[in-house]
Amino acid sequence: MNKSQNFLKGIIKENPVLVLVLGTCPTLAVSTSVTSALGMGAAATLVLLCSNMVISALRNIIPDKVRIPCYIVLIAGFVTMVQMLVKAFAPALDESLGIYLPLIVVNCIILGRAEMYANKNKVLDSAVDALGMGAGFTLALLLMATIREVLGSGTWMGIEIPVLAENNISIMTMAPGGFLVFGILIAVVNKISSGKNVKKNFGCAGCPSAEICGKGSCSEKEEAK
Amino acid sequence: MTRFIIIMLSAVFINNYVLSRFLGICPFLGVSKKLNQAAGMSVAVIFVMLMATAVTWPIQTYLLDPNNLGYLQTIVFILVIAALVQLVEIILKRYIPSLHKSLGVYLPLITTNCAVLGVTILNIDEGYTFAESMVNSLGSGLGFFLAMVMFSGVRSRLEGADVPKAFQGLPITLVAASITSLSFLGFSGVIENLFA
């Protein structure tokens, strides 16, 4: 697999949000407006890039048995750095992301890529993988946020859209709208990809919930095929 | 006392962790298929939330804040929670094997459950006292329990439903979650008016 394929797989074939269904909590929570979605995407991508590179560089040093705690500490360190950066340079973004900014630590995408990719591959490949996955995450967030903001508040990045602004469906920016839009988007992705079997590499191995989830939603996916 | 009741009720109904704050979605979607699994997971979450708050609140207030180390919050909390979950698992395994059997499988995945880290950080952000934090954690845990148990009921109905192919599996589950979450919107405003 060459570099560009490696990058592109994160955006389309293995999109972390819409295909691998990782990191659902931030996806649902911050997709109420395009601005916070972009901020979240950028913050998570930065953390993912740093953690993937460092974990990949240390892959022969970290003992296998304690690798998960090591990864968590590394990721938490980078998240703290990003938190401080955002607080200092984009206080408005800090306000809108709120609790979800520190919660990047427990975002399955980051731990998942560390476990599935960075601990087996070279530093440069891991960086490309991180950028691809980060871009995929950001684009999926952007798509969801666009749908929710345009329908929900009749604006896009704060710019008012003539007719929709007066006839907004405010439920779209509330919790139920998040679940609904996400459900429909995944259904659309399923429809487009049906028969192409893109879910072959379903990322359960990297998800800490795999043990339980393996009997739940993951195996359900296998059945659904 | 009224304040405690308000914190408790709003944590359970209005700011329900799963259905309005979107924390703990992974177990909500992954483990809610069977009622007994959903209940087991939720009890484990309530337990860990209370323990985690009891440990992290004093750490933040008496250790980090006086030493100007507030920025270490994220690292310290996640480590404390991870260590705590391990410790609880070891203690349960050794002394109460029956409880370990029913809760044990859920413990490892609680470490990276955003609801637990979320509740500990929110307690600090909201400026709650220790007692208020504990009440808030209990309420959040109960809210999680309520959402999980209700949703496992909804899902058992979905099993027999004739769903379009593209919607099978996760998409229809999310749509069902959307409707469940809609029902919780009805609670907003109720609690404030109750004590006004």
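What you see is a predicted model; the values in this text were computed from it and never measured. Sequence order as written defines the numbering, with residues in each chain counted from 1. Whichever chain is written first is A, and whichever ligand is written first is 1; the rest continue in order. Predicted model: local features are reported for residues with pLDDT of at least 70 only, side-chain atom pairs are reported and counted for 80 or more only, and whole-chain, interface and lining totals are derived from all residues. Processing note: side-chain calculations cover all non-hydrogen atoms of the structure and skip hydrogens and water entirely.

With respect to the overall build of chain A
We apply this condition: Going along the chain from the N terminus, every DSSP run of H or I of four or more residues is numbered as a helix, and every run of E of two or more is numbered as a strand. Exposure is judged per residue with a 1.4 Å probe applied to protein chains only, and the accessible area is read against the type maximum: over 50% gives exposed, under 20% gives buried, and values in between give partly exposed. The contact definition used throughout considers only heavy atoms, calling two residues in contact when any of these lie within 4.5 Å.
Scanning chain A from N- to C-terminus turns up 11 helices and two strands. Within chain A, the fraction of its 225 residues that count as buried is 53%. A sequence separation of at least 24 residues applies to 75% of the contacts in chain A between residues at least 6 apart.

So, the nonpolar core
Soluble globular proteins tend to bury their nonpolar side chains together. Heads up, the rule is: Buried Ala, Val, Leu, Ile, Met, Phe, Trp, Tyr and Cys residues form a nonpolar core when they are joined through side-chain atoms within 4.5 Å.
Core analysis: the largest hydrophobic core is formed by 101 residues, its most contacted members being A:Phe182, B:Phe28 and B:Leu117. When neighbours within four sequence positions are excluded, A:Phe182 is seen to be in contact with A:Val17, A:Leu18, A:Val21, A:Thr24, A:Thr27, A:Leu28, A:Met144 and B:Leu174.

A word on a nonpolar patch on the surface
All names here are of chain B. The condition that has to hold: Residues enter patches when their relative accessible area tops 30% and they take part in no salt bridge; the joining distance is 9 Å for like charges and 5 Å for the nonpolar side chains Val, Leu, Ile, Met, Phe, Trp and Tyr. Each accessible area is a Shrake-Rupley result for a 1.4 Å probe, and residues are judged covered by the shown protein chains and nothing else. When a carboxyl oxygen of Asp or Glu lies within 4 Å of a side-chain nitrogen of Lys or Arg, that pair is called a salt bridge.
The grouping of Leu87, Ile91, Tyr95, Ile96 and Leu99 at the surface amounts to a nonpolar patch, some 490 Å² of accessible area in total. At three residues, helix 4 (residues 73-95) tops the list of elements feeding residues into the nonpolar patch. Relative to the assigned elements, Ile96 resides in the loop between helix 4 and helix 5 (97-103).

Digging into the environment of A:Gly178
All names here are of chain A. Along the chain, Gly178 falls in helix 9 (residues 175-193). Its relative accessible area of 0% is what places Gly178 among the buried residues. Between the alpha carbons of Gly178 and Met144 there is a distance of 8.2 Å; along the sequence they are 34 residues apart. Those residues in contact with Gly178, other than ones at most four positions away along the chain, are Leu28, Met144, Arg148 and Met172.

Digging into the interface of chain A and chain B
Where we set the bar: What gets called buried area is simply the loss in accessible area from a 1.4 Å probe that two parts show on being joined, summed for both.
Contacts between the two partners involve 42 residues from chain A and, on the opposite side, 43 residues from chain B. Summed over both sides, the interface of chain A with chain B buries roughly 3,900 Å², with 77% coming from carbon and sulfur. At the boundary of chain A with chain B, the tally comes to zero salt bridges. Looking at the side of chain A that touches chain B, the elements with two or more residues in it are helix 2 (24-30), helix 4 (67-89), helix 6 (108-118), helix 9 and helix 11 (217-224) of chain A.

Some remarks on the pattern of salt bridges
All names here are of chain A. By the definition in use, this model includes five salt bridges over all chains. In this structure, Asp129 and Lys9 form a salt bridge, with 2.7 Å as the shortest nitrogen-oxygen distance. Residue Asp129 is found in helix 7 (residues 123-153), and its partner Lys9 is found in helix 1 (residues 3-11); the two are separated by 120 residues along the sequence. Considered together, Asp129 and Lys9 belong to a single accessibility category, that of buried residues. The residue Arg113 makes a salt bridge to Asp129 at a minimum N-O spacing of 3.0 Å. Of the two residues, Arg113 is situated in helix 6 and Asp129 in helix 7; the sequence distance between them amounts to 16 residues. In this structure, Arg113 and Asp129 share a single accessibility class: buried. Via salt bridges that share partners, Lys9, Arg113 and Asp129 belong to a single interconnected network.

A few points about helix 6 of chain A
Because an α-helix completes one turn every 3.6 residues, residues spaced three or four positions apart along the sequence face the same direction. What counts here: What qualifies as a polar contact is a pair of N or O atoms within 3.5 Å, subject to a donor-acceptor requirement within protein and to the restriction that residues adjacent in sequence count only when both atoms come from side chains.
For helix 6 of chain A, the tally of buried residues reaches 11 of 11 residues, placing the bulk of the element in the interior. Taken together, the buried residues of helix 6 of chain A touch helix 1, helix 3 (34-57), helix 4 and helix 7 of chain A together with helix 2 (25-30) of chain B. Capping of helix 6 of chain A at its N-terminal end is provided by A:Asn107; its side-chain oxygen lies 2.9 Å from the backbone amide nitrogen of A:Ile109.

Structural notes on the packing of aromatic side chains
The condition is simple: Two rings from Phe, Tyr or Trp (for Trp, the six-membered ring) form a pair when their centres are within 6.5 Å of each other. A pair whose planes differ by under 30 degrees is stacked, one over 60 is edge-to-face, and the rest are tilted. Here, a charge over a ring is recorded when the distance from Lys NZ or Arg CZ to the ring centre is within 6 Å and its angle to the ring normal is within 35 degrees.
Counted under the stated rule, the structure contains seven aromatic pairs over all chains. Both rings, one in B:Phe184 and one in B:Phe187, keep their centres 5.7 Å apart while their planes meet at 65°; by these two values the pair is edge-to-face. Overall, the relative accessible area of 6% leaves B:Phe184 in the buried class. Taken together through their ring pairs, the aromatic side chains of A:Phe179, B:Phe22, B:Phe28 and B:Phe151 make up a single cluster. The ring centre of B:Tyr95 lies 5.1 Å from the NZ or CZ of B:Arg94, which sits over that ring.

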